[in-house]
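Chain by chain, the residues run as shown.
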Amino acid sequence: MTLDAAALRDKLIGPYAALDVVAHTGSTNADLRAAAIRGALDRTVLIAEQQTAGQGRRGRGWVSPTGGLYLSVLFRPSGVAPGRLPWLTLLAGVALVRTAKSVGVDAALKWPNDLLIGDRKAAGVLADVTAGVVQAVIVGIGLNVARLPDDVEPGAGGLMPTSLEDHAGPLDRTEVAITLLSELAALEAQWRRAGGDDPSLREEYRKHCATLGRPVRVELAKGEVLLGTARYLESDCTLVVSDDAGTDHSISAGDVVHLRVR
């Protein structure tokens, strides 16, 4: 079933300023980035039934099969220091965990923003800071709601895909979208009121982050690899990994692979 745009607006206009649903587009993030330059309002939402040129982290393509939920939100969090803006990505992850729980699915997060059900990936988040526009951040979310086609390839680090339907049975995507966007609105509003630094939100993310405390392989730029144990998060969202020699490394970007404990 297609998304019910009228129901989405009825439930979400208020927390959000504007919401549109389109049948297909290249990338909802790219569309909202252009809209931000044109002066689109804070808390504008764009949802697509299908993306043809979606992007994942580090410039990768994002597969967008029919039956998923693909959306982007424009936030203009004035009053929040630029160094706190990366937390929007992590808050989107928390919103995804809450959404999964609402349909009876236990999920966790792989730093910084992959939604895991078991050891499979059900969603990802990509945030873009819009160049030339003060305090404009686009948060894009791709969530696998319906069961995926058999030919969907594993993601970064070899993560196999899964969907909410695989664990909860068939779901109404409109209701899932309402829950996800409602949770995101509440989290972002709380974060913004705190000036981008709310200890309770940091603690909630840490509680759901399956990366912390476990052995990891971090694939860095230029083919470099770091092996170690993920220890904690800095206040700016960087991940601190301790290598075998006990040296701490602050990671702001990279693909994290969870390693099995032997």
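Here goes a summary of the coordinates provided. (Residues numbered from 1 in each chain as written. Predicted model: local features only at pLDDT ≥ 70, side-chain atom pairs only at ≥ 80, totals over all residues. Heavy atoms only, no water.)

Some words on the overall build of the chain
This is how the line gets drawn: Comment: elements are numbered from the N terminus, with helices defined as DSSP H or I runs of at least four residues and strands as E runs of at least two. In this setup the radius of gyration rests on C-alpha atoms only. A globule is expected at 2.2 Å times the number of residues raised to 0.38. Throughout, exposure labels follow a simple rule: accessible area from a 1.4 Å probe, protein chains only, divided by the maximum for the residue type, with under 20% read as buried, over 50% as exposed, and the rest as partly exposed. Whether two residues are in contact is decided by their heavy atoms: any pair within 4.5 Å suffices. Asp and Glu count as negative and Lys and Arg as positive, but His and the ends of the chain are not part of the count. The atoms used to mark charge sites are NZ of Lys, CZ of Arg, CG of Asp and CD of Glu.
Each helix and strand in the chain was counted, giving six helices and 14 strands. In terms of overall dimensions, the chain is globule-like: its C-alpha atoms have a radius of gyration of 18 Å, near the 18 Å expected for 262 residues. Taking the principal axes of its C-alpha atoms as reference, the chain extends roughly 55 × 45 × 35 Å. With 262 residues in all, the chain has 51% of them scored as buried. Sequence separation of 24 or more characterises 65% of the internal contacts of the chain that already satisfy a separation of 6 or more. Between the averaged position of the 28 positive side-chain charges in the chain and that of its 31 negative side-chain charges there is a distance of 3 Å.

Describing the sheet that holds strand S1 (residues 18-25)
Filter applied, for reference: A pair of strands is labelled paired if DSSP reports no fewer than 2 bridges between them. Angles here are taken between N-to-C directions and fall from 0 to 180 degrees, while the axes themselves are lines fitted to C-alpha atoms, restricted in helices to the stretch in contact.
Here seven strands make up an open sheet; going across it, the order is S1-S2-S5-S9-S8-S7-S6 and the pairing mixed. Edge positions in the open sheet fall to S1 and strand S6 (108-110), since each of these has one partner strand only. Taken pair by pair, the neighbouring strands of this sheet meet at an average axis angle of 20°, ignoring direction. Summarising the sheet, strand S8 (residues 120-129) and strand S9 (residues 137-143) pair through seven bridges and their orientation is antiparallel. Looking at the pairing, Ala127 lines up with Val139 of S9.

Looking at the side chain of Thr99
Let me state the cut-off plainly: Whenever two N or O atoms come within 3.5 Å, that pair is a polar contact, provided that in protein one can donate a hydrogen and the other can accept it, and provided that, for residues adjacent in sequence, both atoms are side-chain atoms.
Within the secondary structure, Thr99 is located in helix H3 (residues 87-102). A polar side-chain atom of Thr99 sits 2.8 Å from the main-chain carbonyl oxygen of Ala95. Thr99 has contacts with Val176, Thr179, Leu180 and Glu183, leaving out every residue within four places of it along the chain.

Brief notes about the sheet that holds strand S12 (residues 239-242)
Spatially, five strands are ordered S13-S12-S11-S10-S14 in an open sheet, and the strand pairing comes out antiparallel. Where the open sheet ends on each side, the last strands, each with one partner, are strand S13 (248-251) and strand S14 (255-258). Going from strand to strand, the sheet's axes swing by 45° on average, the running direction of each strand aside. The pairing of strand S11 (residues 225-233) with S12 spans four bridges and is classified as antiparallel. Among the inter-strand pairings, Tyr232 is bridged to a residue of S12, identified as Val240.

Structural notes on the packing of helix H5 (residues 173-193) against helix H6 (residues 199-208)
To keep things clear, this is the line we draw: Working rule for angles: under 35 degrees goes down as roughly parallel, over 145 as roughly antiparallel, 65 to 115 as roughly perpendicular, anything else as oblique. Note on residue categories: nonpolar means Ala, Val, Leu, Ile, Met, Phe, Trp, Tyr, Cys or Pro, charged means Asp, Glu, Lys or Arg, and polar means any other residue, Gly included.
At a minimum axis separation of 9 Å, H5 and H6 run at an interaxial angle of 135°. In this view, H5 runs oblique relative to H6, as classed from their interaxial angle. Where H5 approaches H6, its residues Leu187, Gln190 and Trp191 are matched on the opposing element by Ser200, Leu201 and Glu204. Along the lines of polarity and charge, the residues of the contact of H5 with H6 split into three nonpolar, two polar and one charged.

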